[in-house]
Amino acid sequence: MVQEPPEYATAAHLVIQQGPQAGKRLEIWKDHTTIGRSRDCDIFLEDISVHRKQASIMRTATGFVLRDDHGKGDSFVNGKSIREQLLKNGDQLLFGNTRLIFYGSEGTRPFQLASSRGRELHVMKRSNPNNSTIANLDLVSMRGTMRSYEVLPEMTIGRSRDCDIFLEDLAVSRLHATIHQLPDGGYEVEDHRSSTGTFVNGMRISRYRLLEGDIVQIGSTRLTFRRSHS
């Protein structure tokens, strides 16, 4: 079996829309991902109306397939009971009282997580000698690949190639978020009404002042905010 390069990922995930864990993002990073109320499942749903072993999502040559594992006909895709169903981006899944939306790649085509354009733009800018603080975003992919980007005074993040950090991920909006430098030298991240949201430390935000060690999640990409003083 040929493995994908570490800088690539499928970007498939679920976002809980309704239920006890509403707003939580759940990554699909295995070829066979189990879902249920058992803590042995890859995706654990805290919902007493969900079976201990409810369903599985399997990665196949044609895409991600949802399979009902309990056999009671109570796994639903877009309101219809299923036994097996090839999932499409935006499909609505329902298990018990937990409603989720599936976000996936186009088939099994790998997605590049980020370009280095932000870093290249920074090289062309003159640094401010009065500002002795440098901020970095450390990017970590689902497969553990790590890169670091020096933060610009105004830095855009999204699926458009015009963005300073380009994320090739269907779960990311064309202009998803912006990081602004504040007058006091701090930084703020702003979400641009994206459909899947911008999260900081697991909390969905519209605007948020970044602090040392904060983890920003956009699509399948996680960026850790770091500050160093010269």
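Refer to the structure printed above.
Quick summary incoming for the structure in this document. Only a predicted model underlies this, so the values are computations on that prediction, with no experimental measurement involved. (Residues numbered from 1 in each chain as written. Predicted model: local features only at pLDDT ≥ 70, side-chain atom pairs only at ≥ 80, totals over all residues. Heavy atoms only, no water.)

### Examining the overall build of the protein chain
- Within the protein chain one finds 1 helix and 24 strands.
- Relative to its full complement of 230 residues, the protein chain shows a buried share of 49%.
- Restricting the contact set of the protein chain to residue pairs at least 6 apart, pairs at least 24 apart contribute 44%.
- Accessible surface, the protein chain as shown: approximately 12000 Å² in total, 48% of it carbon and sulfur. (Helix = DSSP H or I, 4+ residues; strand = E, 2+ residues; numbered from the N terminus. Buried < 20%, exposed > 50% of the residue type's maximum accessible area, 1.4 Å probe, protein only. Contact = heavy atoms within 4.5 Å. Areas by Shrake-Rupley, 256 points an atom, 1.4 Å probe, with all protein chains shown as cover.)

### Remarks on the pattern of salt bridges
- Going through the model one piece at a time under the given rule, you end up with 8 salt bridges.
- For the salt bridge of K30 with D42, the shortest nitrogen-to-oxygen distance reads 3.0 Å. Of this pair, K30 sits in the loop between β3 (25-27) and β4 (32-36) while D42 is found in the loop between β4 and β5 (43-44), placing the two residues 12 residues apart along the sequence.
- You can call K30 partly exposed: its relative accessible area is 31%.
- On the accessibility criterion, D42 (35% relative accessible area) is partly exposed.
- We note a salt bridge from R207 to E188, for which the minimum N-O separation is 2.6 Å. You can see R207 sitting in strand β22 (residues 207-209) and its partner E188 sitting in strand β19 (residues 187-191), a full 19 residues away along the chain.
- Classification of E188 by relative accessible area gives buried; the value is 16%.
- The structure contains a network of salt bridges with shared partners spanning D138, E212 and R226. (Salt bridge = Lys/Arg side-chain N within 4 Å of Asp/Glu carboxyl O.)

### Thoughts on the sheet that holds β19
- In spatial order, the strands read β17-β16-β18-β19-β22; together these 5 strands make up an open sheet with mixed pairing. The strands lining the two open edges of the sheet, one partner per strand, are β17 (165-166) and β22.
- Across 3 bridges, β19 lies against β22 in antiparallel orientation. Counterpart to V189 in the pairing with β22 is Y208. (Pairing = 2+ DSSP bridges.)

### A few points about the sheet that holds strand β6 (residues 55-60)
- Pairing within the open sheet is mixed, and its 5 strands lie in the order β5-β4-β6-β7-β10. With partners counted over all chains shown, the strands left at the sheet margins are β5 and β10 (84-86), one partner each.
- Looking at chain direction, β4 and β5 are connected through 2 bridges and run parallel. Looking at the pairing, I35 lines up with I43 of β5.

### Observations concerning unusual backbone geometry
- Positive phi is not limited to glycine here, since N78 has a value of about 50°.
- Relative to the helices and strands, N78 is located in the loop between β8 (75-77) and β9 (80-81).
- Its relative accessible area of 43% is what places N78 among the partly exposed residues.
- For N201, which is not a glycine, the phi torsion comes out positive at approximately 55°.
- Along the chain, N201 turns up in the loop between β20 (198-200) and β21 (203-205).
- Look at N201 and you get partly exposed, because its relative accessible area is 47%.

### So, the pairing of strand β18 (residues 177-181)
- Counted residue by residue, β18 has 4 buried out of 5 residues, so it is predominantly covered.
- Two elements, strand β16 (residues 154-158) and β18, share 4 bridges in a ladder whose sense is antiparallel. Bridge assignment links M155 to a residue of β18, and that residue is I179.
- In this sheet, β19 lies alongside β18 in antiparallel orientation, the contact comprising 5 bridges. In the sheet register, I179 faces β19, and the bridge partner there is V189.
- Counting the residues between successive antiparallel strands, the hairpin from β18 to β19 contains 5 residues, one of them, G185, with a positive phi of roughly 95°.

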